[in-house]
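# Remarks on the overall topology
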Amino acid sequence: MKNLTKFTLCLSKVTEILCWIGAGAAGLTAIFSLVMKDWLEGFMAHSMTLPEYAAGSLSLVLVNGYPSAASVTFSALLGVVLASLGAMIFRNVYLILRTAQGETKFSKGKTPFQKDVTRMLREIGIFLISISGVELLWNVGMRFLLGVDNVELGVELDSVVIGLMVICLSQFFDYGTQLQQDVDGLL
């Protein structure tokens, strides 16, 4: 069990760092697509054509078979938000494991039943649900702001269901925290 926890600690920290790097790269892409819009449109017009069915999977809007610079900007901004939410999820996983092992300054012993663990679990659930909300807002924004009718309006509900499950787990941990405090108060 201890090896699994160490592996998960390492994996969650590496994934958090990769998500922050992805958010930075997406942010730079958004800035680049705004500053060098003409060059980007010319580059895409001469270097890539995509079939209509490929645009949805790449989150790009095609104009005459070429990705538009505006959709690249919007997609990059979406990438910043989604990568940041992912980084926060993995940051909380890392902190939960460290807190439950009593390795942080705000830990209250080696127990998972602590208020900070409950709060971070709830935050993970909220971040997961937010992913679907952000994707829906992005779809609506792409459709109405760019005036494109071929953008599919859809949301994947996987992260909503998992987020709700994590929020329910946080309620169980909250109850466990209350029981832990009651037992500690009796001793």
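A brief look at the structure comes next. (Residues numbered from 1 in each chain as written. Predicted model: local features only at pLDDT ≥ 70, side-chain atom pairs only at ≥ 80, totals over all residues. Heavy atoms only, no water.)

## Here's the deal with the overall build of the protein
Looking only at helices and strands, the protein features six helices and two strands. In sequence order, the secondary structure elements of the protein are arranged as α-α-α-β-β-α-α-α. Looking at the protein as a whole, 35% of its 187 residues are labelled buried. A separation of at least 24 residues holds for 66% of the contacts in the protein among residues at least 6 apart in sequence. Carbon and sulfur atoms make up 68% of the accessible area of the protein, which amounts to about 11400 Å² in all. (Helix = DSSP H or I, 4+ residues; strand = E, 2+ residues; numbered from the N terminus. Buried < 20%, exposed > 50% of the residue type's maximum accessible area, 1.4 Å probe, protein only. Contact = heavy atoms within 4.5 Å. Areas by Shrake-Rupley, 256 points an atom, 1.4 Å probe, with all protein chains shown as cover.)

## What to know about the packing of helix α4 (residues 69-100) against helix α5 (residues 115-145)
For any two helices packed against each other, one specifies the inter-axial angle together with the distance between the axes. Running from N to C, α4 and α5 cross one another at 175 degrees; their axes reach a closest spacing of 9 Å. With respect to each other, α4 and α5 are oriented roughly antiparallel. Residue classes in the contact of α4 with α5 are distributed as 21 nonpolar, five polar and two charged. (Axes fitted to C-alpha atoms, helices over the stretch in contact; angles between N-to-C directions. Parallel < 35°, antiparallel > 145°, perpendicular 65-115°, else oblique. Nonpolar A, V, L, I, M, F, W, Y, C, P; charged D, E, K, R; others polar.)

## A few points about the packing of helix α1 (residues 2-35) against α4
Between α1 and α4, whose axes approach to 7 Å, the crossing angle comes to 160 degrees. Relative to α4, the element α1 lies roughly antiparallel. Where α1 crosses over α4, the two elements pack in a sense that is left-handed. Each residue belonging to the contact of α1 with α4 can be placed in one class, and the counts come to 19 nonpolar, 12 polar and four charged. (Left-handed = near helix turned anticlockwise from the far one by under 90°.)

## Examining the environment of L28
Its location among the elements puts L28 in helix α1. Residues L28 and A76, spaced 48 residues apart in sequence, show a C-alpha to C-alpha distance of 8.3 Å.

## Points about the nonpolar core
One finds I89, I96, L121, I124, L128, I131 and V166 to be the most contacted residues of the largest nonpolar core, which totals 14 residues. Discounting chain neighbours no more than four positions away, the residues touching I89 are I124, F127, L128 and I131. (Core = buried A, V, L, I, M, F, W, Y, C linked by side-chain atoms within 4.5 Å.)

## Some words on a nonpolar patch on the surface
Where nonpolar side chains cluster on the molecular surface, the patch consists of L136, V140, F144, V155, L157, V161 and M165 and spans about 640 Å² of accessible area. Only α5 and α6 (158-186) provide two or more residues apiece to the nonpolar patch. Take the nonpolar patch: its biggest share by element is three residues, from α5. Assignment of secondary structure puts M165 in helix α6. Residue M165 is classed as exposed on the basis of its relative accessible area, which comes to 52%. (Patch = residues over 30% accessible without salt bridge, like charges linked within 9 Å, V, L, I, M, F, W, Y side chains within 5 Å. Salt bridge = Lys/Arg side-chain N within 4 Å of Asp/Glu carboxyl O.)

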